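Close look at the chain arrangement
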Amino acid sequence: EISSFFSHPSSSPIKKEETIMSFASSLCTFLPFTSSRSDKRVSSLKRSSVHHRVRKSCNKNGNSCSPILRAVTNDDDGQNREEENEWTSTTFQLDRILEVAIKAANEGGYIMRKFGSEGADIVKTKVNTRDLLTQYDKEVQDIICSKIKSNFPNHRILGEEDVAPGADAAIKATKDAFIPKQNKNDDGEDPNGDYVWVIDPIDGTTNFVSGMPLSAISIGVCSLETKEVVVAVIYDPFRRETFHAIKGRGAFMDERKISVDNCSKIDDCLVATGYAPTEESSRFLLETTTNLTKYPVRSIRMLGSAAIMLAWVACGRVSCYIEESLNAWDTAAGALLVAEAGGVFTDFSGKEYDIFTRETLASSGNTEVHKLLLDAAGTTTTASAQR
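Just so we're clear, the structure is a prediction, and the values are computed from it rather than from any experiment.

**Side note on the overall build of the chain**
- Tallying secondary structure elements over the chain gives 10 helices and 17 strands in all.
- Sorting the 387 residues of the chain into buried and exposed places 50% on the buried side.
- Considering only contacts in the chain between residues 6 or more positions apart, those separated by 24 or more positions represent 65%.
- Carbon and sulfur atoms provide 48% of the accessible area of the chain, an area that totals close to 18200 Å².

Written out as structure tokens, the structure reads:
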């Protein structure tokens, strides 16, 4: 209603401004800078204080005006920095999507904290005995989907737990989720909406089963038309950290703006990696790790959750993350976070990430470092193909 109101020619300028200010005030109480953290560690963190002001930007003749959101950030060095974004109907839509995604992730995260802190029982295995499923994977996904459907009944949802095991099934499900709908409503709107929610309810299930606090909820929201990820939320319920981004507006952990590290030499890089529960992926891990140690890199970490590793690249805790054969729900949210934090995400040929990318190479963006990482992965991929 708000977006349509702004575009209505009969709306008075005074009422428009009042509505803008009211909506901006409600936004600022929650998005995108409120913290979901409740533990005492919060008080020890230095965080940027962010304030919003709304003003009107008019053309030089003063005939038309559009609302502008100005974020004033007080950085750790005490310097004020201002960023402006023009408010359009898409702005309001993406803000609302982010709000719902964060709330859904928090509700699902409560279940993970309550039942996963001491470990969880395995309901069944998927591809093999290393690919696990608990009762809470489906429960958390159902909570998230319920929240989405109650707010955006026409949006599409691609959830991991609705897809059969295996890479082929994941590839097909992802392609099907982005097929343009042929049937239109009378008003010309697509009955399935303009967005696709790509969800991993518990990324890092093996850690979750073992009671290791290294698993997360990953929610990436994509434009159906462009297939680009436009909203991202990764919620770590055990550290109570919410990583989030809207395309073009930067990446955040809770209310603090984040960025990738400034690693410019391969031997200074802390590299994260992992592997899928397949023989091919295991071989890739061993051979790539061998290649990396020959450089050498500073060290290598395997955390067991693609979502967490991508979020940690985005906030600078690790320099890069490399893994092959990941699904869309593993990477969608993390890919946007890395890009908005100033990093680079490509496949092993150097092609920029899209929702169908399965090879993962996310780095802080240094050209020389990224090329060396590509070489490490590419050598392994070439050798595997020759077999």
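**Comments concerning the packing of helix α8 (residues 306-315) against helix α9 (residues 328-340)**
- Where α8 contacts α9, the axes come no closer than 8 Å and their chain directions differ by 0 degrees. When the axes of α8 and α9 are compared, the pair comes out roughly parallel. Contacts between α8 and α9 involve A306, A307, L310, V313 and A314 from the first element and D330, T331, G334, A335, L337 and V338 from the second.
- Its residues assigned to classes, the contact of α8 with α9 shows 8 nonpolar, 2 polar and 1 charged.

**Comments concerning the packing of aromatic side chains**
- On inspection of all chains with the given rule, the structure shows 6 aromatic pairs.
- Pairing F115 with Y136 gives two aromatic rings, centres 5.0 Å apart and planes at 10 degrees, and the pair type is stacked. In this pair, F115 is assigned in helix α3 (residues 89-116) and Y136 in helix α4 (residues 135-151), connecting sequence segments 21 residues apart.
- The exposure class assigned to Y136 is buried, which follows from its relative accessible area of 12%.
- For the pair Y136 and F208, a centre-to-centre distance of 6.2 Å together with 75 degrees between the ring planes defines the contact as edge-to-face. With Y136 in helix α4 and F208 in helix α6 (residues 205-209), the pair connects residues that are 72 residues apart, well separated along the chain.
- For F208, a relative accessible area of 0% puts it in the buried group.
- Members of the aromatic cluster, connected to one another through ring pairs, are F115, Y136 and F208.

**Looking at the side chain of T174**
- With respect to the secondary-structure elements, T174 resides in helix α5 (residues 167-177).
- Looking at T174, the relative accessible area reads 4%, which means it is buried.
- With sequence-adjacent residues up to four places away left out, T174 is seen in contact with L158, A328, I355 and F356.

**Focus on the pairing of strand β17 (residues 360-363)**
- Side chains of β17 alternate between two faces, with T360 and A362 and L361 and S363 buried alike.
- As defined by bridge partners, strand β15 (residues 320-323) adjoins β17 across 4 bridges and the pair is classed as antiparallel. For E323, the partnering residue across the bridge sits in β17 and is T360.
- Looking at chain direction, strand β16 (residues 344-346) and β17 are connected through 3 bridges and run antiparallel. From the neighbouring strand, F345 faces β17, where its bridge partner is A362.

Cut-off values and rules
Residues numbered from 1 in each chain as written. Predicted model: local features only at pLDDT ≥ 70, side-chain atom pairs only at ≥ 80, totals over all residues. Heavy atoms only, no water. Helix = DSSP H or I, 4+ residues; strand = E, 2+ residues; numbered from the N terminus. Buried < 20%, exposed > 50% of the residue type's maximum accessible area, 1.4 Å probe, protein only. Contact = heavy atoms within 4.5 Å. Areas by Shrake-Rupley, 256 points an atom, 1.4 Å probe, with all protein chains shown as cover. Axes fitted to C-alpha atoms, helices over the stretch in contact; angles between N-to-C directions. Parallel < 35°, antiparallel > 145°, perpendicular 65-115°, else oblique. Nonpolar A, V, L, I, M, F, W, Y, C, P; charged D, E, K, R; others polar. Phe/Tyr/Trp six-rings, centres within 6.5 Å; stacked < 30°, edge-to-face > 60°. Pairing = 2+ DSSP bridges.

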